[in-house]
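Residue-level structural notes
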Amino acid sequence: MAEITLFAAPGSCSRVATIVLEEIGVPFTYELVRFMKGFHKSPAYKAVNPKGKVPALIVDGEALTENVAILSYLAATYPDGRVLPAASTPMAAARIIADLCFCSATLHPLVTRYCMSVKIGGEEGAAAVKAVGAEAMKENAALIDQRLCEGDWWYGDAWSAMDAYLYWVFGRFNGAGYDLSPYPRWQTHAARMEARPAVQRALAHDEAAQATLSAERMQMGPGGAPKAA
Ligand SMILES: N[C@@H](CCC(=O)N[C@@H](CS)C(=O)NCC(=O)O)C(=O)O
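Conventions used here
Residues numbered from 1 in each chain as written. Predicted model: local features only at pLDDT ≥ 70, side-chain atom pairs only at ≥ 80, totals over all residues. Heavy atoms only, no water. Phe/Tyr/Trp six-rings, centres within 6.5 Å; stacked < 30°, edge-to-face > 60°. Helix = DSSP H or I, 4+ residues; strand = E, 2+ residues; numbered from the N terminus. Buried < 20%, exposed > 50% of the residue type's maximum accessible area, 1.4 Å probe, protein only. Lys NZ or Arg CZ within 6 Å of the ring centre and 35° of its normal. Salt bridge = Lys/Arg side-chain N within 4 Å of Asp/Glu carboxyl O. pLDDT = per-residue confidence, 0-100. Contact = heavy atoms within 4.5 Å. Patch = residues over 30% accessible without salt bridge, like charges linked within 9 Å, V, L, I, M, F, W, Y side chains within 5 Å. Areas by Shrake-Rupley, 256 points an atom, 1.4 Å probe, with all protein chains shown as cover. Lys, Arg positive; Asp, Glu negative; His and termini not counted. Charge placed at Lys NZ, Arg CZ, Asp CG, Glu CD. Near = heavy atom within 4 Å. Polar contact = N/O pair within 3.5 Å; in protein donor to acceptor, adjacent residues only side chain to side chain. Nonpolar A, V, L, I, M, F, W, Y, C, P; charged D, E, K, R; others polar. Domains from an automatic or database assignment. Buried area = accessible area lost by both parts, 1.4 Å probe.

Moving on, we get to the packing of aromatic side chains. Both the distance between ring centres and the angle between the ring planes are used here to describe each pair of aromatic rings. Within the structure shown, the criterion is met by seven aromatic pairs. Summarising the aromatic geometry, the rings of Tyr 114 and Phe 173 are spaced 5.2 Å apart at their centres and angled 25 degrees between planes, so their arrangement reads as stacked. Linking Tyr 114 in helix H4 (residues 90–115) with Phe 173 in helix H6 (residues 161–175), this pair joins segments that are 59 residues apart in sequence. Phe 173 matches Tyr 114 in its accessibility class, with the two residues each being buried. Seen in terms of ring centroids, Phe 173 and Tyr 178 are 5.0 Å apart; in terms of plane orientation they differ by 70 degrees. Their pairing is edge-to-face. In this structure Tyr 178 comes out as buried when scored by relative accessible area, which is 8%. Cluster of aromatic residues (ring-pair linked, three or more members): Phe 7, Phe 39 and Tyr 45. Of note, Arg 147 hangs over the ring of Trp 154, and the distance from its end group to the ring centre comes to 4.2 Å.

See the structure below:
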């Protein structure tokens, strides 16, 4: 059996791969990347992912980055996991890639704009960046909600990695206070996701990692003074 490690951070887009690994049911190690300590920009981590980001998947010592690539790899390696629908033509296969790219290249940048606006716009520009993210999200959220008319999942009756990706996007916007009430099907989709045991196990990984981070920030420094994280 392959030895698999996922470099991840709680709440980040590595949650998508965490969910998919849990859905497949393959054993893996969740390796916490400590953003606050800058570990993702360290030479040690950049040897794994030169882009200094999560997720990174290590399979028997070989590193793979980018969610789209990781999900495609897992789908091909574990066909019984039904990570993505089977494609019988090049066009069908390319459309699945287009769906994943919609998440990574359209939705994820909107998450960054809306939820991490200070990082992009600085204190002064943050409100404008957030407003751009909020406005652009409306059209995309409507598209997702409309698509979910066709069944419980993005691909109708079949759960897939697309649902994990959309769930992560939903969670980030929801957690940042974006009004998702105009999109009831997407809300129901998120609730449906949360009912899945694999999703609960994935969330437990993130929660355990978050608890580790919180505990580390509580560590006392010399003389009993709180030590900076
Ligand atoms: N295109 C990449 C994006 C990865 C990405 O942006 N990851 C974020 C977390 S959601 C990250 O590692 N951010 C750390 C940083 O940029 O400093 C993918 O889809 O895997």
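Throughout the structure, instances matching the rule amount to nine salt bridges. Note that Arg 15 and Asp 206 form a salt bridge whose closest N and O atoms lie 2.8 Å from each other. Here Asp 206 lies in helix H8 (residues 197–217) and Arg 15 lies in helix H1 (residues 14–24), a separation of 191 residues in the sequence. Classification of Arg 15 by relative accessible area gives buried; the value is 19%. Judged by relative accessible area, which is 3%, Asp 206 ranks as buried. Between Glu 216 and Arg 34 there is a salt bridge; the shortest N-O distance is 2.6 Å. Placement of the pair is Glu 216 in helix H8 and Arg 34 in the loop between strand S2 (29–32) and helix H2 (43–46), with a sequence separation of 182 residues.

With 95% of its residues at a pLDDT of 70 or more, the chain shows a mean pLDDT of 94. Confidence over residues 223–229 falls short of pLDDT 50; this stretch has ten contacts with residues more than four positions distant or in other chains.

A few words on a positive patch on the surface. Together, Lys 41, Lys 46, Lys 53 and Lys 119 line one region of the surface with positive charge. Mapped onto the fold, Lys 119 is located in helix H5 (residues 117–147).

The next point concerns the site of the ligand. Taken together, 13 residues surround the ligand, and among them His 40, Lys 53, Val 54, Glu 66 and Asn 67 come closest. In this structure, His 40 approaches the ligand through a side-chain N or O atom, which is 3.1 Å from an oxygen atom. Lys 53 places a side-chain nitrogen or oxygen 2.6 Å from an oxygen atom of the ligand. For the ligand, the protein covers 83% of the area, taking 510 Å² as the surface of the free molecule. Looking at the shell around the ligand, its residues break down into five nonpolar, four polar and four charged. For the shell around the ligand, the two domains that each supply at least three residues are domain 1 (4–82 + 198–224) and domain 2 (90–195).

So, about the domain arrangement of the chain. Its domain assignment divides the chain into domain 1 (4–82 + 198–224) and domain 2 (90–195). The straight-line distance from the C-alpha centre of domain 1 to that of domain 2 is 20 Å. Buried surface at the junction of domain 1 and domain 2, summed over both partners, amounts to about 1300 Å²; 73% is from carbon and sulfur atoms. Ranking the residues of domain 1 by area buried against domain 2 places Val 16, Val 68 and Val 199 at the top, with a combined share of 31%.

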